[in-house]
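# Residue-level structure breakdown
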Amino acid sequence: YIQSVFSCQFSDSAGYVGFANLPNQVHRKSVKKGFEFTLMVVGESGLGKSTLINSLFLTDLYPERYIPGAAEKIERTVQIEASTVEIEERGVKLRLTVVDTPGYGDAINSQDCFKTIIQYIDNQFERYLHDESGLNRRHIIDNRVHCCFYFISPFGHGLKPLDVEFMKALHGKVNIVPVIAKADTLTLKERERLKRRVLDEISEHGIRIYQLPDADSDEDEEFKEQTRASIPFAVIGSNQLIEVKGKKIRGRLYPWGVVEVENPEHNDFLKLRTMLVTHMQDLQEVTQDLHYENFRSERLKRTGK
Amino acid sequence: PHVGPVESKNEAAMSELVPEARQKPVVPMKPMGINASLLGYIGIDTIIEQMRKKTMKTGFDFNIMVVGQSGLGKSTLVNTLFKSQVSRKSSGWNREEKIPKTVEIKAIGHVIEEGGVKMKLTVIDTPGFGDQINNENCWEPIEKYINEQYEKFLKEEVNIARKKRIPDTRVHCCLYFISPTGHSLRPLDLEFMKHLSKVVNIIPVIAKADTMTLEEKTEFKQRVRKELEVNGIEFYPQKEFDEDLEDKTENDKIRQESMPFAVVGSDKEYQVNGKRVLGRKTPWGIIEVENLTHCEFALLRDFVIRTHLQDLKEVTHNIHYETYRAKRLNDNGGLPPMTVETEENHESNL
């Protein structure tokens, strides 16, 4: 191909063709279509997963929540519960599906608890593969899991054996974002220590968590670095509004003070939310180009197609 | 699922209450501080910006084919459309070259950039079309070429280890040049468009429109539109693919009033009223290509490039390509065509 670079100014000047408008055309169609995103949350019961999801998306995804007692939990196996909510913001429609995994880590013997989860993720890949290979492809729904928040307990000394096994089993199937839950049970020092432990263990075991792509030229390099340096995010969630200095904010009221969810000095909630929403497109892309393609080529090789 | 976030019984949906004043960049330039607006803003609308950035980064392919008898100004028009020397005319083609005995397909690629957006433009010329004494079936090599591009794409798509971005050589748009006789379409025009409108987006244009007066132009256009309709030829934008009322209203106007665009092309510049314009100089005046009172080139350009470029690609991909694919799968007993993992494929994915 002959390279002929032809730069023009942005006006109806003599050299202006107008295809620089293409991103706007794409944008218009995307806004019309809306977006889909599937987020999975995994972690032991009581780590604040549901509360965090509600805080993240300013919604109440679990209005009639039933919390089973310990005796019931003995018999429980891991369930997969998907809830979908449509969020609209400034004309942009997002169909968000949150896949919850109640029962994870509850059983006395949690040996097989992530099999169900792996099966669910594979099933979504399988369905997509089937739809993609079919005849009518106009309205394929993408239910593949684009991101998995894995909740690490703040009460331990780092990763538990179950955490390690889960992440090793799933890092080739889904983007894993590790999250330290209920961060308000830790002092700042304890938090740093725990984060470092977790990162060391992740590296020790060769676990591949989701990597933020490098900052583009016009993005804040420093901000991106700060975000990266905060992983795993230590977060707090809350469904309650508390009045602080005349403003209503989400928080947790203790006798010794108020923990503010959206205060970056109290926890990494905002960092997590920012990271998630500004990387939705990338998370989908990595799911499609890496995890799904791996699944697909394995499947096709196996069936000898 | 319920629409809109719901706080609790007492609070209203907070996202809707927020008055957003400042523009939020893709990645905030500074860490977000606490302020009231954050209580209600999540930031999912930034996904639009993320997609836009992606489009800008990856650039895009656009493949345009020109069909029509020799001498109708096809190459000049394409050069005018893209304000670059991108056609066959500009890559070593000699005007005195003999007309080929059969239809040839010549694809020429260029990378052009504008406003940070990179386009890999391929112009596919079809010299020899309609130029013979006996032009029977002269559209066949063209149809074959178009289908070959679909086949190429399909093969890559069903590959086990497939490329992240499948190279797109499919024809997104076919400009069909109608001779400005002022009478009607010719039988060859009808035959071509009948066959090809089923496999590719056809945009008919009336060439060398400066040979007609305004009245002649209007009448000719009406007659051509009528003939196309009577013969059941669905040119782009096809009625059945209008996605919603907004599209339909916009496209109806184009279909019923503007098309076929009566165009004039030129790659020569002249000074008119202190401005440099593209045009044709005659003893009786200068025909300004981009002047809407002179010809409809600007309408064609805006239509193809500024408003419907993405749609042309989408209709090609979602409709024409899918039709081809479905037929191939059905012919093959519902299975995708067999691909052998060649050395070339394997290496390109390492």
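Residues numbered from 1 in each chain as written. Chains lettered and ligands numbered in written order. Predicted model: local features only at pLDDT ≥ 70, side-chain atom pairs only at ≥ 80, totals over all residues. Heavy atoms only, no water.

You'll find chain B entered in an unreviewed UniProt entry as Neuronal-specific septin-3, with Atrichornis clamosus given as the organism. Taken directly from UniProt, the Sequence similarities (unreviewed entry) text for chain B runs: "Belongs to the TRAFAC class TrmE-Era-EngA-EngB-Septin-like GTPase superfamily. Septin GTPase family." Quoted straight from UniProt, the Subcellular location (unreviewed entry) entry for chain B says "Cytoplasm". (UniProt positions renumbered as here; feature names shortened; annotations may be inferred.)

Per an unreviewed UniProt entry, chain A goes by the name SEPT2 protein and belongs to Atrichornis clamosus. Per its UniProt entry, chain A bears the Sequence similarities (unreviewed entry) comment "Belongs to the TRAFAC class TrmE-Era-EngA-EngB-Septin-like GTPase superfamily. Septin GTPase family."

### Considerations on the overall build of chain A
A count of helical and extended segments in chain A gives nine helices and ten strands. Of all 305 residues assigned to chain A, the portion counted as buried reaches 53%. Accessible surface, chain A as shown: approximately 14,700 Å² in total, 50% of it carbon and sulfur. (Helix = DSSP H or I, 4+ residues; strand = E, 2+ residues; numbered from the N terminus. Buried < 20%, exposed > 50% of the residue type's maximum accessible area, 1.4 Å probe, protein only. Areas by Shrake-Rupley, 256 points an atom, 1.4 Å probe, with all protein chains shown as cover.)

### Remarks on the sheet that holds strand 8 (residues 275-282) of chain B
Residues and elements named next belong to chain B. The three strands are arranged 7-8-9 in an open sheet whose pairing can be described as antiparallel. Edge strands, defined here as strands with exactly one partner in the open sheet, are strand 7 (269-272) and strand 9 (285-288). For this sheet the average axis-to-axis angle between neighbouring strands, irrespective of direction, equals 65 degrees. Sheet topology places strand 7 next to strand 8; four bridges connect them, and they run antiparallel. Note that in strand 8 the partner of Gln271 across the bridge is Arg276. (Pairing = 2+ DSSP bridges. Axes fitted to C-alpha atoms, helices over the stretch in contact; angles between N-to-C directions.)

### A few points about unusual backbone geometry
Omega for the peptide link from Tyr236 of chain B to Pro237 of chain B comes to 0 degrees, which places this bond in the cis form. The residue Pro237 of chain B is located in the loop between helix 6 (214-230) and helix 7 (245-258) in this model. Residue Met259 of chain B is joined to Pro260 of chain B through a cis peptide bond whose omega torsion reads -5 degrees. Along the chain, the position of Pro260 of chain B falls in the loop between helix 7 and strand 6 (261-262). At Arg90 of chain A, a residue that is not glycine, the phi angle is positive and equals roughly 50 degrees. Within the chain, Lys182 of chain A stands out as a residue other than glycine whose phi angle is a positive 45 degrees. With respect to the element layout, Lys182 of chain A can be found in the loop between strand 6 (176-180) and helix 6 (188-204). For Lys182 of chain A, a relative accessible area of 33% gives the class partly exposed.

### Examining the sheet that holds strand 3 (residues 81-89) of chain A
Residues and elements named next belong to chain A. Read across the sheet, six strands follow the order 3-4-2-5-6-7 without closing on themselves; strand pairing throughout is mixed. Each edge of the open sheet is held by one strand with a lone partner, namely strand 3 and strand 7 (233-234). In this sheet, strand 5 (residues 147-152) lies alongside strand 2 (residues 35-42) in parallel orientation, the contact comprising four bridges. By the bridge assignment for strand 5, Val41 is matched with Phe149.

### Side note on the nonpolar core
Formed by 85 residues in total, the largest nonpolar core has its most connected members in Phe62, Phe82, Phe129, Leu175, Phe192 and Ile203 of chain B. Looking at which element gives the most residues to this core, the answer is helix 4 (residues 140-158) of chain B, with seven residues. Those residues in contact with Ile203 of chain B, other than ones at most four positions away along the chain, are Cys173, Cys174, Leu175, Tyr176, Tyr236, Met259, Phe261, Leu300, Phe303, Val304 and Leu312 of chain B. Formed by 79 residues, the second largest nonpolar core is a distinct cluster that contains Val41, Ala183, Ile209 and Tyr292 of chain A. (Core = buried A, V, L, I, M, F, W, Y, C linked by side-chain atoms within 4.5 Å. Contact = heavy atoms within 4.5 Å.)

### As for helix 2 (residues 49-57) of chain A
All names here are of chain A. With eight of its nine residues buried, helix 2 lies for the most part within the structure. The set of residues buried in helix 2 consists of Lys49, Ser50, Leu52, Ile53, Asn54, Ser55, Leu56 and Phe57. Contacts made by the buried residues of helix 2 are with strand 2, strand 3, strand 4 (92-100), strand 5, strand 9 (247-254) and helix 8 (269-278). Downstream of helix 2 by one or two residues, Leu58 has phi in the positive range, about 50 degrees.

### As for the packing of helix 9 (residues 280-303) of chain A against helix 2 (residues 46-58) of chain B
Running from amino to carboxyl end, helix 9 of chain A crosses helix 2 of chain B at an angle of 55 degrees, the nearest separation of the two axes being 8 Å. With respect to helix 2 of chain B, the element helix 9 of chain A is oriented oblique. Here helix 9 of chain A contributes Met280, Gln281, Asp282 and Glu285 of chain A to the contact with helix 2 of chain B, which in turn contributes Ile47, Gln50, Met51 and Lys54 of chain B. The residue inventory of the contact of helix 9 of chain A with helix 2 of chain B, partitioned by class, reads three nonpolar, two polar and three charged. (Parallel < 35°, antiparallel > 145°, perpendicular 65-115°, else oblique. Nonpolar A, V, L, I, M, F, W, Y, C, P; charged D, E, K, R; others polar.)

### Remarks on the UniProt feature "site: Important for dimerization" (unreviewed entry) in chain A
As recorded in UniProt, the sites labelled "site: Important for dimerization" (unreviewed entry) are Phe155 of chain A. Position of Phe155 of chain A among the secondary structure elements: in the loop between strand 5 and helix 5 (161-170).

### With respect to the packing of helix 2 of chain A against helix 8 of chain A
All names here are of chain A. Between helix 2 and helix 8, the least distance of the axes is 11 Å, while the angle of their chain directions is 65 degrees. Of the possible angle classes, the one that applies to helix 2 and helix 8 is roughly perpendicular. As helix 2 runs across helix 8, the sense of the crossing is right-handed. Within the contact between the two elements, helix 2 uses Leu52, Ser55, Leu56 and Phe57 and helix 8 uses Phe269, Leu272, Arg273 and Leu276. Among the residues forming the contact of helix 2 with helix 8, the class breakdown is six nonpolar, one polar and one charged. (Left-handed = near helix turned anticlockwise from the far one by under 90°.)

### Brief notes about the environment of Ile202 of chain B
Residues and elements named next belong to chain B. Checked against the element boundaries, Ile202 lands in strand 5 (residues 202-206). For the pair Ile202 and Lys239, spaced 37 residues apart in the sequence, the C-alpha separation amounts to 13 Å. In this view, Ile202 contacts Cys174, Tyr176, Phe192, Met193, Leu196, Ser197, Phe235 and Tyr236; residues no more than four positions away in its chain are not counted.

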